[in-house]
Amino acid sequence: MSFVHWRQHVRLARALSQICQGHAIKTVARDADYASCSAFSSMFHRVLGITPTHYMKQVIER
């Protein structure tokens, strides 16, 4: 795994934890060092196949 992919996965793991704690997507994206929510959402969807908003809704339903 390249450093870039490793760093992305570390940031994503932290983001998932923050989403599960109820943090706003905007805050999570900023903490993951993304310039915008849309850039973060695009990466999130590309890697996990679901948007952060839909993921958050699934977490809340459980």
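Preceding block: the structure.
These remarks concern the structure in this document. Please read all numbers here as calculations on a predicted model, not as lab measurements. Residue positions are given per chain, counting from 1 as you read along its sequence in written order. Reporting of local features is limited, given that this is a predicted model, to residues whose pLDDT is at least 70; pairs of side-chain atoms are given and counted only at 80 or more, and all residues count toward the totals for whole chains, interfaces and linings. Computation of side-chain values covers all heavy atoms of the structure but excludes hydrogens and water.

### Some details on the environment of A13
Reasoning step 1: Strands here are runs of E lasting at least two residues and helices are runs of H or I lasting at least four, both read from the DSSP assignment and numbered beginning at the N terminus. On the secondary structure map, A13 appears in helix 1 (residues 3-20).
Reasoning step 2: For the pair formed by A13 and S2, sequence separation is eleven residues and the distance between their alpha carbons is 17 Å.

### Considerations on the side chain of Q18
Reasoning step 1: With respect to the secondary-structure elements, Q18 resides in helix 1.
Reasoning step 2: For Q18, a relative accessible area of 8% puts it in the buried group.
Reasoning step 3: If we skip the residues at most four places from it in the chain, Q18 touches H23, V28 and D31. For every residue, the accessible area (1.4 Å probe, protein chains only) is compared with the maximum for its type, and the residue is labelled buried under 20%, exposed over 50%, or partly exposed between those bounds. Here, two residues are considered to be in contact whenever any of their heavy atoms come within 4.5 Å of each other.

### Brief notes about unusual backbone geometry
Among all residues save glycine, negative phi is the norm, and among peptide bonds the norm is trans.
Reasoning step 1: Positive phi is not limited to glycine here, since D33 has a value of about 65°.
Reasoning step 2: Summarising the element assignment, D33 is placed in the loop between helix 2 (25-31) and helix 3 (37-48).

### Regarding a nonpolar patch on the surface
Reasoning step 1: A cluster of nonpolar side chains, contributed by M1, F3, V4, W6 and V10, occupies part of the molecular surface with about 590 Å² of accessible area.
Reasoning step 2: Note that V4 resides in helix 1.
Reasoning step 3: According to the relative accessible area criterion, V4 is exposed, its value standing at 52%. Grouping into patches uses exposed residues only, defined as over 30% relative accessible area, and leaves out salt-bridged ones; the cut-off is 9 Å for like charges and 5 Å for nonpolar side chains (Val, Leu, Ile, Met, Phe, Trp, Tyr). The protein chains shown are the only cover counted for residues, whose accessible areas, like all others here, come from Shrake-Rupley with a 1.4 Å probe. The rule for a salt bridge is simple: a side-chain nitrogen of Lys or Arg has to be within 4 Å of a carboxyl oxygen of Asp or Glu.

### Here's the deal with the nonpolar core
Reasoning step 1: Take the buried Ala, Val, Leu, Ile, Met, Phe, Trp, Tyr and Cys residues and link them wherever side-chain atoms come within 4.5 Å; each set so joined is a nonpolar core. Core analysis: the largest hydrophobic core is formed by twelve residues, namely L12, A15, I19, I25, V28, A29, A32, F40, M43, F44, I50 and M56.
Reasoning step 2: Discounting residues that sit within four places of it in the chain, F44 has contacts with L12, L16, I19, G49, I50, T51, P52 and Y55.

### Some words on the pattern of salt bridges
Reasoning step 1: By the definition in use, this model includes one salt bridge.
Reasoning step 2: For D33, the salt bridge is made with R11, and the minimal N-O distance between the two is 3.5 Å. Highlighted residues: D33 in the loop between helix 2 and helix 3 and R11 in helix 1, separated in sequence by 22 residues.
Reasoning step 3: Overall, the relative accessible area of 57% leaves D33 in the exposed class.
Reasoning step 4: Given a relative accessible area of 25%, R11 falls into the partly exposed group.

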